[in-house]
Structures are given as structure tokens and as C-alpha cells.
Amino acid sequence: MIDLSTVGEGGLVPATVAARLAPHIQAADPMPALLAFLKPRRMLLVLDSCEPVIAAAATLAGALLMGTPGVDILATSREPLGLDAEQVHRLAPLAVPIRSEGLSASQALAHSAVQLFAARMAAGTGGTRLTDADAPAAAEICRRLDGIPLGLELAAGQVAAYGIAGVSSRLDDHLGLLVRGRRTAPPRHQTLRAAFDWSYALLSGAQRAVLNRLSVFVGGFDAAAAMAVVSPADLDGEGASGHVVEELVAKSLVVADRRGPEVRYRLLDTVRIYAREWLEAAGLGAETRTAHATHYLRLFQAALPTWAGRPASEMVPRYALEIDNVRRALDWCFTNAGDDGVRMGRALVVAVAPLWQCLSLGMECERWTALALASPLPFADDRQSLDLHLLRAMSLSLASMVPPEQAAELWEGVLAAADRLADGNGRRQAQLGLYFCHFQLGRVRQALDLARRMRDEVSATDDASVLALVERLLGGALYVLGDIAGARRHTEAALALADSGPVTGHRIRFQLDQQIVARGALAGMLWLQGDVDRGREQLHRCLEQAMAMDHAYTTCIVLGQTACPLALLMGDWAAARRHNDLLMMLAERHGSMTWLPWAQCLDLILRLKSDGDAETLGALRRQMAALGDLSHARYGVLVREAALVLARAGDAAGALDMVKAALARARANEDGWAQPELMRLCGEIQSQRGDVAEAEALFRQAMTMAEDQGTLSWRLRAVISLARLQIRWGRISDAPELLAQAASRVDAGAAMAELDIAHALSNHFQGVPAPGPILAGPAAPGGGLLVA
């Protein structure tokens, strides 16, 4: 093994090799004698650290390979020697965990970087082992050091002084922290900075300048982005920027990913930090960051018209790659670039908005629009002002980050501005925002009136996405008001319109995919109307479409408004758990305060259904109280399930108060769709308390209202409750006939709990006793878990 790192001059390479292998060779040109000496021998020659004398090392290796058939050569270098006989093996960094949060020690140690870190830590601390508590911090250290063995060894050497958590917290100063290596190592391997200094010194002037400029990027970048930040003066006549970048790839200072349609480049974090220091030292930081931001503004402005005409599935993969660099550009514009930066930042916010919308990054959009609107600088024009105010109102509303009254004020301002500019799209967006504010405030009738005005305004348009939106809004309001047949007509019309349009970025033009959300609503309507099998089919298609589209806000609506409620109503606790876990994960990830509290309540309810305890029950009471006003229709099923849990736990009074309050709100808000079920549930609890007359009156009211609405599933439940009441209290009258009639009108080819219960009760009337839990009812402490 021959270390070439200290040779310094290429002409000395043959003599250095000869001195090590055959000291007797003293010729001015040692190559002929060296070849003669090695020709009969069989050996492996290791030429280590060829970078300083790469050309001379290549010449030597080529001559040896030609003249000494028994000699194999292993050459280590940041770049290949460039010989025909060369086989290149690129030594990648050690494997690091993709994530660090929540990792156990065994999970972290499945990665080679953590294994090395743990081994060196143990050697330096007298045998300290990696624990579960320290595993996330160790994984974060390995990830931030890019799995570079030298960096990991140096970091492990600091554990004795700072502890694992201390080393992790100090990693913002990568190069300052990692300064003490093994004394026996070569000088360039004793600190991370020394290692980089050694490699950096071997670069040409253009290579150094380009590497410094590339440090402005976060994550990956393409060749066009690299060209945008490199100036002609940087190249100093050494070729085009793309050529220099590829030279840096060859020297392993830039990583190239060639798997996609175009090459993506990136710098390891440690390399980027080192090169950025040189960039700032040269006084070029501000200039480079401005060029970086300018490039991404031009890129996204050029793409802006394309979002409406191309599928989101095509646009998102291309432009989501740039999200980290967009964040860096916006941060520069709004914090360090002065007035010109604010102007550039505002334009970039508007240009990136379609991407944020497709990625459901509402909280991020809100952050940047808030900064854009906070500056006292005049806007570029009224259009930009409208766009930014619209984006902020939209992001705040989607995440429920402000009370509905305040959101309504924001939307009223957007509506007025849109009208001044005769901006139809802005007007539709504002009307949609106001529609949902009405819903959140329990003003369903006002929401319906607004949707009808929208229909009148757009009746002459041929814009299918606008027409589909209006039909869906009409259907949604009628659904909640209890006109299920009318709701279904409008919802099916919305589906037909959405299905007829092209699959473009317009699919989520109004924050959500109208087709998927309409199909989810239709599934619920079909179930209510007793067309249970078709309801299941529509739900299945809806979930498939939502998963395929991968749009978080749309998926949250589908899960929260349709999938979870229907799973609960059908008694499928396993499906409810799956759907709610996904809903909670998406709501937490995207900051949706619309659905996160809902999902947290349902999580507690599902836990109480399987293995309840007093602590969980108390948590549910607190969580439901924290929801405050439960006027929104989405809380109907949640209130029902929470009340049942309370009743089964023995708190019939608390359950009854909750249901009565929900029923009073539903009546005040004209929230008709859930009233038959709330009446029935109220009657079930009254029946458990012995108030038979009140219970029967409520069951019959529920039956009548469900019949008027055409909600046959609600009617079947009310009849089941009436039959159970008559059996329990020995007052059998019309229940057998009502039960047979109600069951016959429900179409459920697959299993349906209500039909099974109706069959068991019918048999009971014929002398075959029904199981105890069925007779006990859904509010009984020990039974009724299969009874919706």
C-alpha cells in the first residue's frame, strides 16, 4: 500500500512507488526497472489518495497494467483515473435512517451508519451502549452527517463530553464540533474541516467557484438551476457550468441522481456547509441567493398557466422536487433581501400556490402569504393583492385556523375585491368560503340560498368544474336539511359534470376534488335511503379514487364525512379504526384543525368500545366539551357515538343531556338529516331509564320524520327500537307488521346489522327468543354493541 496524498508533484510518483517496492532501483527514470522487477510477480498494489497527482497516478497505473500481467491495482480517489481497464466502484456513504423520530435502538442499528457511530461511541466511553431513549438523536446525527464515516467517528468521539443529545444539538456547527480525531490518523483525517480543506485545495479555480455557488441550494437541483446561479466570471474560461458541475460529480463533491428523466444534483449537507462558508467569505452570498430566488420565480411563473390544463399527477412530481428551494428562496426574499426581495417574494407566493394546493400545504401557504401581506410596500397591482388575500383566506379556512366569523370577514373582503376587478374565479372562491362559514355556524339555510344564487350566476357557463361545484354545494345543503332525494339529484349531477371534464389541475381548483367528494356524499345518501349495497359500492370507489389522487384535504373530507361515519353506522369498528387512524395522521401532518379534534374524539370512542376505563371516559368528556359548538353537521354521528359510550358506561343522564342538546341544535339549524336518529337515540336512553311513554313517542316521531325524508335506514332503526320497547315492556301491538315492512324496503344484499337484528326480533315475535344484547338495546350497559 502506497499513500500518494503527500507526494505533491506528479513527476515523483514513479520514484515513490519504486522506493517502496524496490529500493535498489536508483535510475533517473525508474519505470523500465520497476516494470522488469514486477513482471514475474503476482501481487495487489494499493495506490491510496491519488487526487493530488491524479494524472501521474493514471499514467503509472496504465503502464503497470500493460507491462505486469500479475499485478492488480486498487486505487482510491475522489475521481476515476480514466483508464480503459478501470472498473469504478463508487463508495456511497453509510446507510442512514430515513427518519429519526420514534426509532428504537434495534431499528436504528439496522443501518450501517448507526452501527459505526455506536461502535466508536462505545470505544470512546468505556462500553456505553445505544439505548432506545438515545436512538432518535443518534439517528439524527448520522442523517445530518450524511453517513460519512469520518464525520461519524468524530461525532462519536464527542459523546463522552456532550452526550448523544448534546452532540445532536450542536450539529448546526458541523465543522466546528467535529475537530478531534485519532492522533494516529493522517492530518487530513483528524478533523472534518481538514478533510474538506484537503479536497478543496485540489480543485481548480472554476471548480471552487461553482461549488461555492451550488451551496445555495437545499436538497436537489437541476442543470438549469445550477446555470442560473453561476456567473461567467466564475468559470474563468474553463468551460460551461454544466461541464464544471460534472467535474465536481466526478470528484464526489456533488452527487448526481440519474434515475429520472433529467439528472438531479445535490450536495451533501457537510459539503454544502463548508462551501457556503467560502461563498460568504467571498462576499457573494447575497448575489447568489438573489439569483437562486430569481430562477425559481421564473420557473414557477412559466408553469402557472399550465396547471389548469395538465393533470396534477403530471405537474406535482415535476414541481414538488423544488419545494425545499422555494422555501429557501422565500425565506431570503422576506427576511434579508429588502424591498426588492418582498416584491419578488410576493410574486413567487402567487406562482407557487397551485403546488401548495395540490400538496395540501395550507399552513405553509398561510405562513408565506401572511409575510407577503405584512409588508407596507404597495402591491404590484390590484390583481396581486386579490390573489394574496384569496390565498390567505383559503389557507386559514381549510385549516380552521380562525373562527368562522373571522373567516367570513376575510371572504367578504375577497368577494368585494373580486367584484371590483370583475374576477369571476375570485368571486366563486369567495362564495365557496362563505358557504362553508355558514355551515360551520349552523346556518344551513343561508348556505343553500348562497348556492342557489351561485347557480343563477353560472347557469350560462360551459365551465364544467364551476357547474360541478355548484351542484355539489346544492346537494350538500339539501342533504343536511333532510331533503335526501333532492340532495341526491344534485350530487349525481355534480358527479356527471365532474366525470365529463378532463383530469387537469382544475380538479382541485376549488380546494377539493369535486368528483371524489361528491361520490362520498352520494354513498351516505344511498345508505340513508336504504340502498345499502350501492352505498357501499360508491364508498369503495370513492376511497380508491382518494387514495390514488393522494390529495390530503380531499382525503380528509372523504374519511371524516363519509368513510368513518358509515363504518360506525354499520358497526364495522375495524374499518372505523383504519379510516380514523389515517384521518388523524393526515390532519396532524397538514394542520387541519377542522378534522383533528374530530378524529381525536373518535379515537377515544373506539378505545372505549373495545376496552373502556374511567380515565379514557374522562378524556372523551373533556375532548367533546372542547369542541364547543357542535352545530356543524359533521358532528352528528360523533355526538351519537359519544352519547352511546356514556350511556353504556352508566352515565345515562350525561348521555341524554348530550343527545338532547344535539337535537335542539339540529332543530334550530334545520339540520334535518340526523334528527330521526337523534330522536331514536334519545328514546333508547329514556327507555333505559324507564320512561316508556316518552320513549315510544320519540320512536314514532323518528319513524314519521324518516318516512317523510325517505331515509329508510333511519326508519328501520326507529322501528327496531319500537319493537324492542314493546317486547321489553310486554306491550306488543303494531311492531311485528312495522318491522316486516321496514326491513323489506331496505336493499342490502350483503350483511347488514339492522336486518340481522330485525330478523332476530321478528323471530322473537314468533316464539324464538332474541339474544340478550339485542333486547338490551344500544344504550344498555352490557349490550347492544352490534346495534347501530
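Treat the numbers as computed from the prediction; the structure is a model and nothing was measured.

**Some points on the overall build of the protein chain**
Each helix and strand in the protein chain was counted, giving 40 helices and five strands. Its C-alpha radius of gyration of 35 Å places the protein chain more than 25% over the 28 Å reference for a compact globule of 788 residues. Once the C-alpha set of the protein chain is aligned to its principal axes, its extents read approximately 120 × 65 × 45 Å. Within the span of the protein chain, comprising 788 residues, buried residues form 53% of the whole. A separation threshold of at least 6 residues defines the contact pool for the protein chain, and within that pool the share at least 24 residues apart is 65%. Each charge sign in the protein chain was given a centre, from 76 positive and 86 negative side chains, and these centres are 3 Å apart.

**A closer look at the nonpolar core**
Ranked by internal contacts, the top residues of the largest apolar core, which has 142 residues, are W411, M624, L638, W673 and L761. Those residues within four positions of M624 in sequence are excluded, and the remaining contacts are C601, L630, L638, V639, A642 and M658. Listed in part, the 67 residues of the second largest apolar core include L248, V271, F334 and W356.

**Observations regarding the packing of helix α16 (residues 285-303) against helix α19 (residues 338-358)**
Across the interface, α16 lies against α19 with an axial gap of 9 Å and an inter-helix angle of 45 degrees. By the criterion of interaxial angle, the relationship of α16 to α19 is oblique. Where α16 crosses over α19, the two elements pack in a sense that is left-handed. For the pair α16 and α19, the contacting residues are T290, A293, T294, Y296, L297, F300 and Q301 in the first and M344, A347, L348, A351, V352 and L355 in the second.

**Some words on the packing of aromatic side chains**
Centre distance and the angle of the planes are the two values used to describe a pair of aromatic rings. All told, the structure shown has 14 aromatic pairs when counted by the stated rule. Ring geometry for F217 and F221: centres 4.3 Å apart, planes at 15 degrees, overall stacked. Given a relative accessible area of 1%, F217 falls into the buried group. Both rings, one in W527 and one in W714, keep their centres 5.6 Å apart while their planes meet at 80 degrees; by these two values the pair is edge-to-face.

**Notes on the confidence of the model for the protein chain**
Looking at the protein chain, the pLDDT average stands at 87 and 95% of residues meet or exceed 70. Helix α9 (residues 174-177) is the least confidently modelled element of the protein chain, averaging 55 in pLDDT, while α16 averages 96, the highest of any element.

**Section: the pairing of strand β3 (residues 71-75)**
Bridge count for strand β2 (residues 43-48) against β3 is five bridges, and the pairing is parallel. In the strand pairing of β3, L45 is matched with I73. In this view, the connection linking β2 to its parallel neighbour β3 by way of helix α3 (residues 54-67) has right-handed handedness.

**A short note on the sheet that holds β2**
Spatial ordering of the open sheet is given by β1-β2-β3, a layout of three strands whose pairing is parallel. Unpaired on one side and paired on the other, β1 (2-3) and β3 mark the two borders of the sheet. With respect to the sheet, α3 is in contact with β2 and β3, its orientation differing from that of β3 by roughly 160 degrees.

**Examining the environment of L638**
Here L638 is to be found in helix α33 (residues 636-648). Taking the C-alpha atoms as reference, L638 lies 7.8 Å from C601; in sequence the two are 37 residues apart. Once residues within four sequence positions are removed from consideration, L638 is found in contact with W598, C601, L602, I605, M624 and L627.

**Comments concerning the state of the cysteines**
For the structure on display, the rule yields zero disulfides. Note on C358: no disulfide assigned, nearest cysteine sulfur contributed by C365 at a separation of 12 Å. Looking at the unpaired C564, the closest cysteine sulfur is the one in C556, lying at 10.0 Å.

**Here's the deal with unusual backbone geometry**
Although it is not a glycine, A422 sits at a positive phi angle of roughly 55 degrees. Structurally, the position occupied by A422 is in the loop between α22 (404-420) and α23 (424-440). With a phi angle near 60 degrees, D550 is a residue other than glycine that sits in the positive phi range. Checked against the element boundaries, D550 lands in the loop between α28 (532-549) and α29 (552-569).

**Here's the deal with α3**
Residue pairs spaced three or four apart in an α-helix point in one direction, given the helix's 3.6 residues per turn. With 14 residues, α3 should reach 20 Å at 1.5 Å per residue; the first-to-last C-alpha distance of 20 Å fits that figure. Residues of α3 that are buried make contact with α1 (13-21), α2 (31-38), β2 and β3.

**Details of the environment of G127**
If you trace the backbone, G127 turns up in the loop between α5 (112-125) and α6 (135-144). A C-alpha to C-alpha distance of 50 Å links G127 and D234, two positions 107 residues apart in sequence.

**Focus: the pattern of salt bridges**
Tallied over the entire structure, the rule returns 40 salt bridges. With a closest N to O distance of 3.0 Å, R680 and E677 form a salt bridge. With R680 and E677 both in helix α35 (residues 675-688), this residue pair falls three residues apart, about one helical turn. Classification of E677 as buried rests on a relative accessible area of 3%. A salt bridge links E677 to R717; the shortest N-O distance between them is 3.0 Å. Taken together, the positions of E677 in helix α35 and R717 in helix α37 (residues 712-728) put the pair 40 residues apart, joining distant regions of the chain. Both residues of the pair, E677 and R717, belong to the buried class. When salt bridges that share partners are traced, they join R640, E641, E677, R680, E684, R717, R724 and E754 into one network.

**Observations regarding the pairing of β2**
Across two bridges, the pairing between β1 and β2 is parallel. Bridged to D3 within β2 is D48.

**Describing the environment of L371**
Relative to the assigned elements, L371 resides in helix α20 (residues 362-374). Taking the C-alpha atoms as reference, L371 lies 9.8 Å from D331; in sequence the two are 40 residues apart.

**Thoughts on helix α26 (residues 484-500)**
The terminal C-alpha atoms of α26 lie 24 Å apart, and with 17 residues this matches the ideal 24 Å at 1.5 Å per residue to within 8%. Those residues of α26 not exposed but buried are I484, G486, A487, R488, H490, T491, A494, L495 and A498.

**Digging into the packing of α6 against helix α8 (residues 159-169)**
Working note: a packed helix pair is described by the angle between its axes plus the distance between those axes. With their axes 9 Å apart at the nearest point, α6 and α8 run at an angle of 40 degrees to one another. It follows that α6 is oblique to α8 by the angle criterion. Between α6 and α8 lies a crossing whose hand is left-handed. Side by side, α6 and α8 meet where A137, A138, E140, I141 and R144 of the first sit next to I164, A165, V167 and S168 of the second. A class-by-class count of the residues in the contact of α6 with α8 yields six nonpolar, one polar and two charged.

About the thresholds
- Residue indices follow the written sequence of each chain, beginning from 1 at its first position.
- Owing to the predicted nature of the model, reporting of local features is limited to residues with pLDDT of at least 70; listing and counting of side-chain atom pairs is limited to 80 or more, with chain, interface and lining totals taken over all residues.
- Water and hydrogen atoms play no part in the side-chain values, which are based on all heavy atoms of the structure.
- Secondary structure counts use DSSP, requiring at least four H or I residues in a row for a helix and at least two E residues in a row for a strand, with both numbered from the N terminus.
- Both definitions apply: the radius of gyration is a C-alpha atom measure, and the globule rule equals 2.2 Å times residues to the power 0.38.
- Exposed residues in this analysis have more than 50% of their type's maximum accessible area, buried residues have under 20%, and partly exposed residues fall in between, with area computed by a 1.4 Å probe over protein chains only.
- In this analysis, two residues are considered to be in contact whenever any of their non-hydrogen atoms come within 4.5 Å of each other.
- Think of it this way: Lys and Arg go in the positive column, Asp and Glu in the negative one, and His and the chain ends go nowhere.
- By convention, the charge on Lys lies at NZ, on Arg at CZ, on Asp at CG and on Glu at CD.
- Within this scheme, the nonpolar core is defined by two criteria: the residues are buried Ala, Val, Leu, Ile, Met, Phe, Trp, Tyr or Cys, and they are joined through side-chain atoms within 4.5 Å.
- Axis definition: a line fitted to C-alpha atoms, over the contacting stretch in the case of helices. Angles run 0 to 180 degrees between N-to-C directions.
- Comment on the angle field: the value is read as roughly parallel under 35 degrees, roughly antiparallel over 145, roughly perpendicular from 65 to 115, and oblique elsewhere.
- A clockwise turn of the near helix away from the far one marks a right-handed crossing, whereas an anticlockwise turn of less than a right angle marks a left-handed crossing.
- Under the pairing criterion, centres of Phe, Tyr and Trp rings, with the six-membered ring standing for Trp, must be within 6.5 Å; the plane angle then separates stacked pairs below 30 degrees from edge-to-face pairs above 60, leaving the rest tilted.
- Across the chain, each position has a pLDDT score giving the predictor's confidence in that residue, from 0 to 100.
- Strands were regarded as paired on the criterion that DSSP finds at least two bridges between them.
- With the strands aimed away from the viewer, a crossover counts as right-handed if its path from the first strand over the helix to the second runs clockwise.
- The disulfide definition used here is simple: a pair of cysteine sulfur atoms within 2.5 Å.
- By this rule, a helix spans an expected 1.5 Å times one less than how many residues it contains.
- The salt bridge definition used is simple: a Lys or Arg side-chain nitrogen within 4 Å of an Asp or Glu carboxyl oxygen.
- Under the scheme applied here, ten amino acids are nonpolar (Ala, Val, Leu, Ile, Met, Phe, Trp, Tyr, Cys and Pro), four are charged (Asp, Glu, Lys and Arg), and all others, including Gly, are polar.

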